[in-house]
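What the coordinates show
Listed below, chain by chain, are the residues.
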Amino acid sequence: MGKSYREELVGVFGCPIDENPTVVVAEAAFKDLGIPYRYLTILVKPEDLENAMKALPALNMKGIHLTIPHKVEVLKYLDHVAEDAAIMGAVNTVWVKDGELYGENTDGKGFIKSLQDENVEMKGKKVMMLGAGGAGRAIAVELANAGAETILIANRPGSGRGEELVKLVNEKTSANAKYICWDHTLDVPEDVDILVNVTNIGLYPNVDQKPDINYATVKPEMVVCDVIPNHPHTMFLKEAEKNGAKTIDGLGMLVNQAVISFKFWSGRDCNAKVMKEALAKEYGVELED
């Protein structure tokens, strides 16, 4: 057999999508492994999601990531959904097997790994989450599974997503969830151990925006996390740092969830260190040894 010029195709569907940096960690991982994979960053409008998902087997793609706004809507187009992803009601990773589409959610798992890497204890802790979208659903469930005792979920009124997520956590996990109506500048309760922004506030190009909370109520003993990877040192984290809080940016979550996703697609274990170094270089971020 002669030389093969074909590459295995994977990628991400989203809208907007131009600033999604996952391709950086993907290409670094594939180069490190020496495998012929290509990661495509694809703009898919909400009304085109069904056709885009149907195209995966036709194009012989190995799989796809889903980002805003597709993580919930995509469930109706899948043949199989992992149990934990079904509980969350959101999928961010799809792989193709024998022409059928399988869905899993690696967001929450990637987030939990980023906390574990920083030696953050979750068992018995009180968590406050800002937002209740697809990533928030995954993170709330995984935090509960990791032993978080109380999860406060703050979300804007009207959509019902915050109330729905509270109900999900209370019915499907052992954690105690409570809804906070986020229609004003929020104080962070002083007994909160972990504060997490799971909204897209601060996402490029709106890097000067930050969640509407009273940053004076952020305490030094709190761990403050943001899921936004671009630019990872968000205004939210900068404000928390002014009060002495330990902060964790979105680089670790993105890399860790990608490691899990790539395993589904390629069957190979990627080097998380190589991937994180590539993303840090992209943003000019210095990594601590």
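The preceding data block contains the structure.
Attention here is on the structure that accompanies the text. Here, residues in each chain are numbered from 1, in the same order as that chain's written sequence. Note on the predicted model: pLDDT of at least 70 is required for a residue's local features to be given, and 80 or more for side-chain atom pairs to be given and counted; whole-chain, interface and lining totals, by contrast, use all residues. For the side-chain quantities, the full set of heavy atoms in the structure was used; hydrogens and water were omitted.

Section: the side chain of Asn20
Secondary structure follows DSSP: runs of H or I at least 4 residues long count as helices, runs of E at least 2 residues long count as strands, and numbering of each begins at the N terminus. Along the chain, Asn20 turns up in the loop between β1 (8-14) and α1 (22-33). When a residue's accessible area, from a 1.4 Å probe over protein chains only, is under 20% of the maximum for its type it is buried; when over 50% it is exposed; and in between it is partly exposed. Residue classification places Asn20 among the buried residues on the basis of a relative accessible area of 18%. Within 3.5 Å is the distance limit for a polar contact, defined as a pair of N or O atoms, with the added protein rule that one can donate a hydrogen and the other accept it, and that residues adjacent in sequence qualify only through two side-chain atoms. Of note is the side chain of Asn20, whose polar atom sits 2.6 Å from the side chain of Thr22.

Details of the sheet that holds strand β10 (residues 194-197)
By this definition, two strands are paired if DSSP reports at least two bridges between them. With parallel pairing, the six strands of this open sheet are ordered in space as β9-β8-β7-β10-β11-β12. The open sheet has two edge strands, β9 (176-181) and β12 (246-248), and neither has a second partner. The sheet shows a mean angle of 20° between the axes of neighbouring strands, taken without regard to direction. Helix α5 (residues 134-145) rests against β7 (126-130) and β8 (150-155) of the sheet, and its axis sits at about 175° to β7. Contact definition: two residues touch when any of their heavy atoms are within 4.5 Å. Lines fitted to the C-alpha atoms define the axes, with helices restricted to the stretch that makes contact. Angles between their N-to-C directions range from 0 to 180 degrees. Lying over the sheet, helix α6 (residues 161-172) contacts β7, β8 and β9, oriented at roughly 170° with respect to β9.

Some details on the side chain of Arg137
By the secondary structure assignment, Arg137 is in helix α5. Despite its burial, Arg137 pairs with no opposite charge, the nearest such side chain being Glu164 at 4.2 Å. Those residues in contact with Arg137 that sit more than four places away from it in its chain are Met88, Gly89, Ala132, Glu164, Leu165 and Leu168. His is not counted here, nor are the chain ends, while Lys and Arg score as positive and Asp and Glu score as negative. In what follows, salt bridge is the name for a side-chain nitrogen of Lys or Arg lying within 4 Å of a carboxyl oxygen of Asp or Glu.

Quick look at the sheet that holds strand β2 (residues 37-43)
If you walk across this open sheet you meet the six strands as β2-β1-β3-β5-β6-β4, and the pairing is mixed. Both edges of this open sheet fall to β2 and β4 (80-81), since each of them pairs with a single strand only. In this structure, β1 lies alongside strand β3 (residues 63-66), joined through two bridges in parallel fashion. Pairing of Val12 across the sheet is with His65, part of β3.

Some details on the pairing of strand β11 (residues 223-226)
Of the two faces of β11, the one holding Val223 and Cys225 and the one holding Val224 and Asp226 are both buried throughout. Sheet analysis places β10 next to β11, joined by four bridges and oriented parallel. Paired with Ile194 across the bridge in β11 is Val223. As paired strands, β11 and β12 are joined by three bridges and run parallel to one another. Of the residues in β12, the one forming a bridge with Val223 is Lys246. Running through helix α7 (residues 235-242), the crossover from β11 to the neighbouring parallel element β12 is right-handed. A clockwise path from the first strand over the helix to the second, with the strands pointing away from the viewer, defines a right-handed crossover.

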